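# Fold and geometry: a report
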Amino acid sequence: MSNQQEVEVSYDVGNDFFELWLDGKMNYTCALFDGTDDLEEAQMKKLERLSRFANVNENTKTLLDIGCGWGANIEYQATVNSVPDVHGITLSSAQHEYCQNRNIPNAKATLVNYLDYEPPVKFDAVMSICMIEHVATPEETRAGKHIGLYRDYFRRAHEWTKPGAYFGLQTITRNVVPRKKKDLDDLRHTTYIIFPGGITPRVEDIVIATQPYWEVMDVRSMRLDYKRTIEHWRMRLRDHEGLIRQKWGDVVFDDYNRYLTTCVNAFTHDWQSLHQWSLRRKD
């Protein structure tokens, strides 16, 4: 598991920094470009489908978002889906502060490692959007420990939910390894400089690790949607190049420009993909 210091390297650069190039709701994950090229609208479409995958409906009274980021999804669940008791957890102090400042009705964000989380209630639904990438480190994955760590993650989600619950999961997934040295160097830069302590799982890792706790009901690939999402982010980042270099320095701009360009290449050439999962709790 990425430790708090590693997580804060990834997400605590500055909330105002991320506000420059993410959408207005601060979704730092793949959008769904279904009939639109507008980033704001596409992010809402993403949350709408993932809500369906989590079976969020009028009977959903309690919901947990594991890795709630800056609060976009917990706000969506509390306001758009009218879930009366929404909980989110994050390990980033900057993200937690941002969630607190959003003053979302009927929603609570907690600064805690999921390994230490003690839920106050049993949840009708659980969601997690691109957080599982922090569950296993590159070193643990190379040592073959990742499946056990992912399975423990799914075990905890099972314990935290009621019978009949669904899990709406979104994950970046690892596919083909490039062969060119520059491509490998770029991926290494993203892994160790932008997201230290994290690594993306493979599709088969998730399928295996859900057992015996969750049944895979639906899976959707969104590789090209993520390519388009990151192209939007990179364009917005470059639009603010002067301000970023002045306020955060050349290294920050150059690191993030390189990282986003690497991601565009990764999703173009199938080094990485993105999947949404609908999981049903095994009772």
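Residues numbered from 1 in each chain as written. Predicted model: local features only at pLDDT ≥ 70, side-chain atom pairs only at ≥ 80, totals over all residues. Heavy atoms only, no water.

### Considerations on the overall build of the protein chain
The line we're drawing: Only DSSP runs of H or I reaching four residues or more are called helices, and only runs of E reaching two or more are called strands; each is numbered from the N terminus. Values of the radius of gyration come from C-alpha atoms, whereas the globule rule sets the reference at 2.2 Å times the count of residues to the power 0.38. The rule is simple: take the accessible area with a 1.4 Å probe, protein chains only, and divide by the maximum for that residue type; under 20% is buried, over 50% is exposed, in between is partly exposed. By definition in these notes, contact holds between two residues if any of their heavy atoms fall within 4.5 Å. We get accessible surface area from the Shrake-Rupley algorithm with a probe of 1.4 Å; when it comes to residues, only the shown protein chains can shield them. His residues and chain termini do not enter the charge count, which takes Lys and Arg as positive and Asp and Glu as negative. Positions of charges follow a simple convention, taking NZ of Lys, CZ of Arg, CG of Asp or CD of Glu.
The number of helices and strands found in the protein chain is 12 helices and 7 strands. Over its C-alpha atoms the protein chain spans a radius of gyration of 18 Å, differing by no more than 12% from the 19 Å that the globule rule assigns to 283 residues. In the protein chain, which comprises 283 residues, the proportion classed as buried is 55%. Of the contacts formed within the protein chain by residues at least 6 apart in sequence, a portion of 77% connects residues at least 24 apart. In the form shown here, the protein chain has an accessible surface area of approximately 12,000 Å², with 49% of it arising from carbon and sulfur atoms. Looking at the protein chain, you have 35 positive and 41 negative side-chain charges, and the mean spots of the two groups are 5 Å apart.

### With respect to the side chain of His275
Filter applied, for reference: Residues adjacent in sequence count toward polar contacts only when both atoms are side-chain atoms; beyond that, a polar contact is any pair of N or O atoms within 3.5 Å, and within protein one must be able to donate a hydrogen and the other to accept it.
Structurally, His275 is set in strand β7 (residues 272-281). In terms of polar contacts, His275 uses its side chain to reach the side chain of Thr173, at 3.0 Å. Beyond its immediate sequence surroundings of up to four residues, His275 is in contact with Leu169, Gln170, Thr171, Thr173, Val203, Val219, Arg220 and Ser221.

### Some words on the pattern of salt bridges
Keep this limit in mind: Think of a salt bridge as a Lys or Arg side-chain nitrogen and an Asp or Glu carboxyl oxygen that are within 4 Å of each other.
In this structure the tally under the stated criterion is 25 salt bridges. Here Glu139 ties to Arg142 by a salt bridge, and the two come within 3.7 Å at their closest N and O atoms. Pair noted here: Glu139 and Arg142 are both in helix α6 (residues 138-142), with a separation of 3 residues, about one helical turn. The salt bridge partner of Arg281 is Asp283, with a shortest N-O separation of 2.6 Å.

### Examining the sheet that holds strand β5 (residues 161-174)
The strands that make up a sheet pair up through hydrogen bonds in the backbone, lying either parallel or antiparallel. So the rule is basically this: Paired strands, as defined in this entry, are two strands with at least two bridges between them according to DSSP. Fitting a line to C-alpha atoms yields each axis, with helices limited to the stretch in contact; the angle taken between N-to-C directions then spans 0 to 180 degrees.
With mixed pairing, the 7 strands of this open sheet are ordered in space as β3-β2-β1-β4-β5-β7-β6. Among the strands making up the open sheet, the edge pair consists of β3 (107-111) and β6 (214-221). This sheet shows a mean twist of 15 degrees between the axes of neighbouring strands, independent of strand direction. Judged from the 5 bridges that link them, strand β1 (residues 62-66) and strand β2 (residues 85-90) form a sheet pairing that is parallel. Each residue of the ladder has a partner; that of Leu63, found in β2, is Val86. Sitting on the sheet, helix α4 (residues 72-79) is in contact with β1, β2, β3 and β4 (123-129), with an inclination near 175 degrees to β2. Helix α5 (residues 93-102) contacts β2 and β3 of the sheet and is inclined by roughly 160 degrees relative to β3.

### Topic: the nonpolar core
Inclusion rule: Take the buried residues of types Ala, Val, Leu, Ile, Met, Phe, Trp, Tyr and Cys, join any two whose side-chain atoms come within 4.5 Å, and each joined set is a nonpolar core.
Grouped together as the largest cluster of nonpolar side chains are 51 residues, with contacts concentrated most on Phe18, Trp21, Tyr28, Trp233 and Tyr256. Among the secondary structure elements, those contributing two or more residues to this core are α2 (15-19), α3 (39-53), α4, α5, β4, α10 (223-239) and α12 (250-268). Counting residues per element, this core draws most heavily on α12, which supplies 8 residues. The next biggest cluster of nonpolar side chains, apart from the first, holds 25 residues, and it includes Tyr153, Phe154, Ala157 and Phe167.

### A closer look at α4
Count 3.6 residues to each turn of an α-helix, and residues three or four apart come out pointing the same way. Along α4, 7 of the 8 residues are buried, which leaves the element largely enclosed by surrounding structure. Of all the positions in α4, only Ala72, Asn73, Ile74, Glu75, Tyr76, Gln77 and Ala78 are classed as buried.

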